[in-house]
Amino acid sequence: MNQNPSKTLAENVAVVTGSARGIGLNIARCLGRHGAHVVICDNNSEAALNAVAELAVLGVSCSMMEIDLSRKESPIQLIEGVYKNRGRLDILVNNARAGKRTSMLTETPETWDELFSVSLRAAFFVAQEAIRRMPAHGGGSIINIASVTAMLSSHEAPAYHIAKAGVLQMTRYLAVNAGPSKIRVNAVAPGFIVQDEYQSRYAEDGNAAYRGIAEFAHPLRGVGSADDVAQAVLFLASPQSRFVTGQCLSVDGGSSQVEQWALLHAYDEHRNSILAS
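In this text, all values refer to a predicted model and were calculated from it rather than measured experimentally.

**Comments concerning the environment of Ala130**
Phase 1: Along the chain, Ala130 falls in helix H4 (residues 109-133).
Phase 2: Among the residues examined, Ala130 registers a relative accessible area of 0% and is labelled buried.
Phase 3: The spatial distance from the C-alpha of Ala130 to the C-alpha of Arg88 is 9.6 Å, given a sequence separation of 42 residues.

Pasting the structure below:
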């Protein structure tokens, strides 16, 4: 990580939903280190307070809002609160998600609604409220955190896959309709990201074969970190992407570009060296 980042986002106010931990916290840290005042938005007040304290030690200007985005009134409350306390909003990162691990046959209307209420519905209506207000100070940038699962499928979490696909279409729709107001809307689609509590488990001696397979599945021969996602968000939030909108930037080490049979063939050829690595 750059130890002396430029202040390209100075005087900007950024909201990152679901930012008390994980990828969201890394995004908040990155935006803050580049000069933005960051609003930590999470439904876990204790974790959010800890995040604010951590960022303050790094010299990041930040504040927090405890809010449950599954509630229909929360998007308006969130954006109104930001404008009341900070007077503007320049960057919105829709990162919050909810829901449980399910499968095609164990998904229920309740688990479906729990996930969609935050991952898609709240993301749209938070963006809607931001788009109402951003034109007053020249526009802004909205970044929606999607996933490569929006374009691929696995055996898990049908609601998650489908909601993230909706996030991509929402991104394109908002980009077209908010563009005349100088508001850019883009998405970042993380792939296999090793972070937080999974980091130590991933690094365990007994998981060497798993690590070898995971790294081999990526053309860059490695796995992603939360900071990789944060750097992509930083680009889309910054003036460097001023003519980029309606796009999805995949942060997946190229894994989504590998044809599965070619991957299996290559793995079969190199199996011994992969498992021995």
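**Description of the sheet that holds strand S6 (residues 183-190)**
Phase 1: If you walk across this open sheet you meet the seven strands as S3-S2-S1-S4-S5-S6-S9, and the pairing is parallel. The strands lining the two open edges of the sheet, one partner per strand, are strand S3 (62-66) and strand S9 (248-251). The average undirected angle you get between the axes of adjacent strands in this sheet is 20°.
Phase 2: Direction of pairing for S6 relative to S9: parallel, over a ladder of four bridges. What sits directly across from Ala189, in S9, is Ser250.
Phase 3: In the packing of helix H8 (residues 226-237) onto the sheet, contacts are made with strand S4 (91-94), strand S5 (140-145), S6 and S9, and the angle to S6 comes to roughly 165°.

**Focus: the pattern of salt bridges**
Phase 1: Per the counting criterion, the structure on display carries seven salt bridges.
Phase 2: Note that Glu73 and Arg71 form a salt bridge whose closest N and O atoms lie 2.8 Å from each other.
Phase 3: Under the relative-accessibility criterion, Glu73 is labelled partly exposed at 33%.
Phase 4: With a relative accessible area of 46%, Arg71 lands in the partly exposed category.
Phase 5: Here Lys100 ties to Glu114 by a salt bridge, and the two come within 2.9 Å at their closest N and O atoms. Here the residue Lys100 occupies a position in the loop between S4 and H4, and Glu114 occupies one in helix H4, the gap between them amounting to 14 residues.
Phase 6: The class of Lys100 is exposed, set by a relative accessible area of 51%.

**Quick look at the packing of aromatic side chains**
Phase 1: Enumeration over the complete set of coordinates arrives at two aromatic pairs.
Phase 2: Aromatic side chains Trp112 and Phe116 sit 4.6 Å apart centroid to centroid with 10° between the ring planes, which places their arrangement in the stacked category. One end of the pair, Trp112, and the other, Phe116, are both in helix H4, four residues apart, so they sit about a helical turn from each other.
Phase 3: On the basis of relative accessibility, which here comes to 30%, the residue Trp112 falls in the partly exposed class.
Phase 4: Judged by centre distance (4.9 Å) and plane angle (90°), the ring pair of Phe124 and Phe125 falls under edge-to-face.
Phase 5: Classification of Phe125 as partly exposed rests on a relative accessible area of 35%.

**Looking at the layout of surface pockets**
Phase 1: Its volume calculated, the second largest pocket comes out at about 460 Å³.
Phase 2: Around the second largest pocket sit 21 residues that line it, and Gly140, Ser141, Lys182, Arg184 and Arg242 are the ones nearest its centre.
Phase 3: Of all the secondary-structure elements, those providing two or more residues to the lining of the second largest pocket are S5 and S6.
Phase 4: Of the residues belonging to the lining of the second largest pocket, the class tally is six nonpolar, 10 polar and five charged.

What counts and what doesn't
Residues numbered from 1 in each chain as written. Predicted model: local features only at pLDDT ≥ 70, side-chain atom pairs only at ≥ 80, totals over all residues. Heavy atoms only, no water. Helix = DSSP H or I, 4+ residues; strand = E, 2+ residues; numbered from the N terminus. Buried < 20%, exposed > 50% of the residue type's maximum accessible area, 1.4 Å probe, protein only. Pairing = 2+ DSSP bridges. Axes fitted to C-alpha atoms, helices over the stretch in contact; angles between N-to-C directions. Contact = heavy atoms within 4.5 Å. Salt bridge = Lys/Arg side-chain N within 4 Å of Asp/Glu carboxyl O. Phe/Tyr/Trp six-rings, centres within 6.5 Å; stacked < 30°, edge-to-face > 60°. 1 Å grid on protein atoms, 1.4 Å probe; cavity = no way out; pocket = protein on both sides within 12 Å on 5 of 7 lines; lining within 4 Å. Points joined across faces, edges and corners; volume = space filled by probe spheres on them. Nonpolar A, V, L, I, M, F, W, Y, C, P; charged D, E, K, R; others polar.

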